[in-house]
Amino acid sequence: MAATTYERLKLHTTPEKFYVEACDDGADDVLIIDRVSTEVTLSVKKDIPPSAVTRPIFGILGTIHLVAGNYLIVITKKKKIGEFFNHVIWKATDFDVLSYKKTMLHLTDIQLQDNKTFLAMINHVLSVDGFYFSTTYDLTHTLQRLSNTSPEFQEMSLLERADQRFVWNGHLLRELSAQPEVHRFALPVLHGFITMHSCSINGKYFDWILISRRSCFRAGVRYYVRGIDSEGHAANFVETEQIVHYNGSRASFVQTRGSIPLYWSQRPNLKYKPRPLINKVANHMDGFQRHFDSQVIIYGRQIIINLVNQKGSEKPLEQAFATMVSSLASGMIRYIAFDFHKECKNMRWDRLSILVDQVAEMQDELSYFLVDPAGKVLTNQEGVFRSNCMDCLDRTNVIQSLLARRSLQAQLQRLGVLHVGQKLEEQDEFEKIYKNAWADNANACAKQYAGTGALKTDFTRTGKRTQLGLIMDGWNSLIRYYKNNFSDGFRQDSIDLFLGNYSVDELDSHSPLSVPRDLKFLALPIIMVVAFSMCIICLLMAGDTWTETLAYVLFWGVASIGTFFIILYNGKDFVDAPRLVQKEKID
C-alpha cells in the first residue's frame, strides 16, 4: 500500500448512508458509512445511488460519538501552504460536523442541551487555527527520522506510519484505523504551525520551511495542564523543525519545548499569576525518568535550557528541575539555567547573546541533519535543545529562534549559499522573512495554548524591544487573564472531548454538564468589568461640576475595587473550571 491518501473526494448523502467517493485518477473506491448501524465498508462507484445529495470535501477528519449518536467530521475548505520535495502541504480552514441521526426526537430536553454543548466544544477546537495535512507526505516525522526507515515502513499507509504524538485526529480516526483496507480515506492531521518560503541570498534560491508539531498527549490550556503525567508526557510539548532545501540537498534542525517535567500545577484563582504548586507526595523521579528516557530514544542528547525566574514563585520549580537532573546523573542530559527576565531587564535583550555563546560549543556537537541530492546522509543531528519557561511560549520562542538562526548560518555556509564570512543578520530581505516567520510561530503556539498571541514578538520580528511591543504585551496579558479565568474551563473540556480523554455515554443518567454554574460565577465578572468601565468613563466625561464627577468616580471606583477584592477573597469559586475530566490534584 502506497503512503498516500485520496486527495479529491466527494461526499454523497442519503437518509441511510454516507458515501465518500475517491475522485483521484483511476480510483474506483467508495467508503460507505451506514448511518443506522454505523458500519464502515468499502465499495465501488456504481453503488452510489443517483438520489444522493453530492458535495466536494477535502478529507475525513474522523467520527465522534455524542449524546445524539455518531457524527462524521469532514474538511470542507483548504488553503495551499506550499510545496516541498514535490509534495503539496495544505491547511484545513473549514469543517462540517454531520449527524448520523436524521432526527433528534429521541432525546430529552436535557440531552438536547448537552448534545448542543458537546457540538459547540467540537466546533470550538476546529475553530482554533493550525490544522495541516498532506495527502502524499508524512508531516508527523522529521527529515532525519524519515531517512532512517525500512522499505516496509515506506509502504505503510500515512496513518499507520505516523508519529501518534502529532496526529490530532487519532481518536477520531479509530474506526477507520481498525480497517486497513480503508486507510487511504484516513487523513492524519497535524496541529501546530507550518510556513514555507522561497528565498534568495547571493542570487541562490532555496526553500526555507518551519514546522511546529504540537503533541496531542497531555494537551490542554495554559493553567489547567502543566508539568507531566504518569506516562512522562509533558504539557505543551512542541517539536519544531527548520528545513532548508537547496539544489536537491536537504538540511534540518530540530528543537523541542515542553513544560517543566515534574508533577506541578498552577490553577487559576483570579490572581494575575497564581502560585505554582509542586506535588509533595508524587514520585517525581518516576515520571521525570519516563519523560527523558523517551526523549533520549527519539532525539538523542538533551540540552535543557530552563528560562524561568530564579527568584520569587518560579524559583522552587527551577531548583527542583536542577535537582532532578543532578539525581538522574545521565550523561545524555545537560542542564542550563538562564534567568531570562533578570538577564534582559531594562530591555537589555542584547544580553541573550550570553546564552547563545554559552551553548555554542554544545550546538556544534549536536550538529544538524544534512543529506545530499543523491540521498546520502552527510551529518545527523545527535540531540536537541529542550527549552522551557513557565508557559513554553514567549521566552522559549525567542531563544529557539536564535538557536535556529545559528544552525541555519552553518547550513547555508556549508551548502554554498552564504559566502565565507557572511552573516545571516546582514541579509535584510531574508532576515525579515525569518523573523516574521518565527514571530508567527510564536503567535500560533500561544493562541493554541494560552488563547492569545505571543508576548515579546516585537523582538522576534525586529531584533529590538520596543515601547509599542510592551503595550501590546500588556494588552495580550489582559486578554490571557480574562480567558484563563473565565473561559478556559470550556476550552479544556473541548480539547479533552476532541482527543478522546472524555467519552460521551448517552446511557449515563448523570451528565457532568448538568452541574449548574453558580450565579456569582456569571454575575461578578460582569459587575467587575462594568464597574471598572464606568469608572474610566466618569474620568473621561466630566459632569457639570467636579463634585458631581468626583461622586461618580468614587461610587464606581468603590464598586470596582470592592468587587475585585470580593473575587480575590475566594477567587477559585469564580473561575471557569473544566467539568468533563477531573484533573489530578496537587498538594
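Everything numeric here is computed off the predicted structure, so don't read it as measured data. The residue count restarts for each chain, going from 1 along the sequence in the order it is written. Confidence filtering applies because this is a predicted model: local features only for residues at pLDDT of at least 70, side-chain atom pairs given and counted only at 80 or more, and all residues used for totals across whole chains, interfaces and linings. Heavy atoms throughout the structure, all of them, feed into the side-chain values; hydrogens and water do not.

Visitor: Account for the packing of helix α10 (residues 394–415) against helix α11 (residues 428–449), with residues named and values stated.
Guide: Running from N to C, α10 and α11 cross one another at 145°; their axes reach a closest spacing of 10 Å. Once α10 is placed against α11, the crossing between them reads as right-handed. Between α10, through N397, Q400, S401, A404, R405 and L408, and α11, the contact on the second element is made entirely by F430, E431, Y434, K435, W438, N441 and A442. Residues that form the contact of α10 with α11 fall into these classes: six nonpolar, four polar and three charged. Throughout, an axis means a line fitted to C-alpha atoms (over the contacting stretch in the case of helices), and angles, computed between N-to-C directions, take values from 0 to 180 degrees. The way it works is that DSSP assigns letters per residue, a run of H or I at least four long becomes a helix, a run of E at least two long becomes a strand, and they are numbered from the N terminus. Note on convention: the crossing is left-handed when the near helix lies turned anticlockwise from the far helix by less than a right angle, right-handed when the turn is clockwise. For this analysis, residues touch if any pair of their heavy atoms sits within 4.5 Å. Residues were grouped as follows: Ala, Val, Leu, Ile, Met, Phe, Trp, Tyr, Cys and Pro as nonpolar; Asp, Glu, Lys and Arg as charged; and all remaining residues, including Gly, as polar.

Visitor: Explain helix α1 (residues 109–127) to me, using residue names and the numbers behind them.
Guide: What a helix is expected to span follows from its residue count: subtract one and scale by 1.5 Å. With 19 residues, α1 extends 27 Å from end C-alpha to end C-alpha; this agrees with the ideal 27 Å at 1.5 Å per step. Three labels apply to residues, based on accessible area from a 1.4 Å probe with only protein chains included: buried if under 20% of the type maximum, exposed if over 50%, partly exposed otherwise in between. Looking at α1, one finds that the buried residues are D114, N115, T117, F118, M121, I122, V125 and L126. Those residues of α1 that are buried lie in contact with β6 (59–66), β7 (69–84), β8 (87–99), β9 (131–133) and α14 (488–499).

Visitor: Report on the environment of E431, specifying residues and quantitative values.
Guide: Counting through the fold element by element, E431 comes out in helix α11. E431 sits in the buried class, given a relative accessible area of 5%. Spatially, the C-alpha atom of E431 lies 9.1 Å from that of T462, the residues being 31 residues apart in sequence. Residues within four places of E431 in sequence aside, it is in contact with R405, L424 and E425. One polar contact links E431 to R405, side chain to side chain, over a distance of 3.0 Å. As used in this structure description, the phrase polar contact means that two N or O atoms lie within 3.5 Å; if the pair is within protein, one of them must be able to donate a hydrogen and the other to accept it, and residues adjacent in sequence are counted only when both atoms belong to side chains.

Visitor: Report on the packing of aromatic side chains, specifying residues and quantitative values.
Guide: Only the six-membered ring of Trp is used, alongside the rings of Phe and Tyr, when aromatic pairs are assigned; centres must lie within 6.5 Å, and planes under 30 degrees apart are stacked while those over 60 apart are edge-to-face, with the rest tilted. Per the counting criterion, the structure on display carries 17 aromatic pairs. Consider the rings of F206 and F430, whose centres lie 5.7 Å apart with planes at 55°: the pair is tilted. Of the two residues, F206 sits in strand β11 (residues 204–214) while F430 sits in helix α11, which places them 224 residues apart along the sequence. Given a relative accessible area of 2%, F206 falls into the buried group. Taking the relative accessible area as the measure of exposure, F430 reaches 2% and is therefore buried. Centre to centre, the rings of W208 and Y434 are 5.3 Å apart; their planes meet at 45°, and the pair counts as tilted. Taken as a pair, W208 in strand β11 and Y434 in helix α11 lie far apart in primary sequence, 226 residues in all. In this structure Y434 comes out as buried when scored by relative accessible area, which is 1%. Within the aromatic cluster, the residues linked to one another by ring pairs are F206, W208, F430, Y434 and W438. Seen from the ring of Y6, R184 lies directly overhead, with NZ or CZ sitting 4.3 Å from the centre. Ring-over charges, as used throughout, are those where CZ of Arg or NZ of Lys falls within 6 Å of the ring centre and within 35 degrees of the ring normal.

Visitor: Lay out the nonpolar core in plain terms, naming residues and giving numbers.
Guide: Joining through side-chain atoms within 4.5 Å is the link that ties buried Ala, Val, Leu, Ile, Met, Phe, Trp, Tyr and Cys residues into a set, and such a set is a nonpolar core. The biggest cluster of nonpolar side chains holds 67 residues, and the ones touching the most others in it are F206 and W208. A per-element tally of this core places α10 first, with eight residues. Domain segmentation is taken from an automatic or database assignment of domains. When we break this core down by domain, the ones giving at least three residues each are domain 1 (1–187) and domain 2 (189–461).

Visitor: Give a detailed account of the packing of helix α6 (residues 284–299) against helix α7 (residues 315–328), specifying residues and quantitative values.
Guide: Put simply, α6 and α7 touch, their axes get as near as 11 Å, and they point 75° apart. Taken together, α6 and α7 sit at an angle that is classed as roughly perpendicular. For the pair α6 and α7, contact is made by H284, M285, F288, Q289 and F292 and by F321, M324, V325, S327 and L328, respectively. Of the residues assigned to the contact of α6 with α7, the class counts are seven nonpolar, three polar and no charged. Here roughly perpendicular refers to angles of 65 to 115 degrees, roughly parallel to angles under 35, roughly antiparallel to angles over 145, and oblique to all remaining angles.

Visitor: Residues and numbers for the UniProt feature "transmembrane region" (unreviewed entry) in the chain, please.
Guide: UniProt positions are given in the numbering used here, feature names are shortened, and annotations may be inferred rather than shown by experiment. The sites that carry the UniProt feature "transmembrane region" (unreviewed entry) are, in the present numbering, residues 57–75, 521–543 and 549–569. Secondary structure across residues 57–75 divides into 0% helix and 84% strand, with the first and last C-alpha atoms of the span separated by 6 Å.

Visitor: Quick rundown of the pattern of salt bridges? Include the residues and the values.
Guide: One side-chain nitrogen of Lys or Arg within 4 Å of one carboxyl oxygen of Asp or Glu is enough to make a salt bridge. The full count for this structure, using the stated rule, is 27 salt bridges. Where R222 meets D391, a salt bridge forms, and the shortest distance between an N and an O atom there is 3.1 Å. Taken together, the residues R222 in the loop between β11 and β12 (238–246) and D391 in the loop between β20 (383–388) and α10 connect sequence positions 169 residues apart. For the pair R222 and D391, one class covers both residues: buried. The salt bridge involving D488 is made with R491; its shortest N-O contact spans 2.6 Å. One end of the pair is D488 and the other is R491, both in helix α14 and three residues apart, which spans about a single turn. The class for D488 is buried, based on a relative accessible area of 0%. Each member of the salt-bridge network shares a partner with another, and the members are R145, D163, R165, R213, E239 and E241.

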